[in-house]
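This is what each chain is made of:
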Amino acid sequence: MLFRSVIATGGGFVEREASRKIVVDSPWPKLWLDPPERLLWERLEKDQERRKIGDLGDFAALQALCRKRRPFYEKIATFRSESQDISDCLALIRNRFVSP
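This text gives an overview of the structure that appears in the document. Predicted, not measured: the structure shown is a model, and the values here were computed from it.

Let's talk about helix H4 (residues 59–76)
Then comes step 1: With 18 residues, H4 ought to run about 26 Å at 1.5 Å a step, and its terminal C-alpha atoms sit 25 Å apart, in line with that.
Then comes step 2: The largest bend in H4 is about 35°, located at Arg 69, with the proline Pro 71 one to four residues further on.
Then comes step 3: Turning to H4, its buried residues number three or more, namely Phe 59, Leu 62, Leu 65, Cys 66, Arg 69, Tyr 73 and Ile 76.
Then comes step 4: Structurally, H4 contributes buried residues whose contacts are with helix H1 (17–25), strand S1 (31–33) and helix H2 (37–45).

See below:
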């Protein structure tokens, strides 16, 4: 199977049923990038504008948001990666979906 495109959604897309249905109905694999919450917080902590989007005033708020979204991602994802290293993600895709 050869992929020519990758579509990256925003984290909140899973909160809307219509968005989830589009993704679930798609025949294409779905990769869930699932980094540790602490890493997400390190990224967001310095970016006040992005934190405003999710009303993320502190780490506990981010944890609550992750807990809320996790069940949706678990149902949608074909596979998941905790690694944020692009090489690891590409290797995962190559190993699972690219025929030799």
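There's plenty left to go through after this.
Examining the nonpolar core
Then comes step 1: Core analysis: the biggest nonpolar cluster contains seven residues, these being Trp 41, Leu 44, Leu 56, Phe 59, Leu 62, Leu 65 and Cys 66.
Then comes step 2: Looking at this core, the elements with two or more residues in it are H2 and H4.
Then comes step 3: Counting residues per element, this core draws most heavily on H4, which supplies four residues.
Then comes step 4: Residues within four places of Cys 66 in sequence aside, it is in contact with Glu 37 and Leu 40.
Then comes step 5: The next biggest cluster of nonpolar side chains, apart from the first, holds six residues, and it includes Val 14, Val 23, Trp 32 and Ile 76.

Topic: the pattern of salt bridges
Then comes step 1: The tally for this structure, following the rule as stated, stands at six salt bridges.
Then comes step 2: The salt bridge partner of Arg 70 is Asp 34, with a shortest N-O separation of 3.2 Å. Taken together, the residues Arg 70 in helix H4 and Asp 34 in the loop between S1 and H2 connect sequence positions 36 residues apart.
Then comes step 3: You can call Arg 70 partly exposed: its relative accessible area is 30%.
Then comes step 4: Ionic pairing is found between Glu 82 and Arg 80, a salt bridge with its closest N-O pair at 2.7 Å.
Then comes step 5: Among the charged side chains, a salt-bridge network with shared partners connects Asp 34, Arg 70, Arg 80 and Glu 82.

Topic: the packing of aromatic side chains
Then comes step 1: Scanning all chains against the criterion turns up three aromatic pairs.
Then comes step 2: Taking the centre distance of 6.1 Å and the plane angle of 75° together, the rings of Phe 13 and Tyr 73 count as edge-to-face. Of this pair, Phe 13 sits in the segment before H1 while Tyr 73 sits in helix H4, and the two are 60 residues apart along the sequence. In terms of burial, Phe 13 and Tyr 73 fall into one category: buried.
Then comes step 3: In this structure an aromatic cluster arises from ring pairing among Phe 13, Trp 32 and Tyr 73.
Then comes step 4: Directly above the aromatic system of Phe 59 lies the positively charged group of Arg 38, at a separation of 3.8 Å from the ring centroid.

The rules behind each value
Residues numbered from 1 in each chain as written. Predicted model: local features only at pLDDT ≥ 70, side-chain atom pairs only at ≥ 80, totals over all residues. Heavy atoms only, no water. Helix = DSSP H or I, 4+ residues; strand = E, 2+ residues; numbered from the N terminus. Expected span 1.5 Å × (residues − 1). Bend = angle between axes of the 7 residues up to and from the residue. Buried < 20%, exposed > 50% of the residue type's maximum accessible area, 1.4 Å probe, protein only. Contact = heavy atoms within 4.5 Å. Core = buried A, V, L, I, M, F, W, Y, C linked by side-chain atoms within 4.5 Å. Salt bridge = Lys/Arg side-chain N within 4 Å of Asp/Glu carboxyl O. Phe/Tyr/Trp six-rings, centres within 6.5 Å; stacked < 30°, edge-to-face > 60°. Lys NZ or Arg CZ within 6 Å of the ring centre and 35° of its normal.

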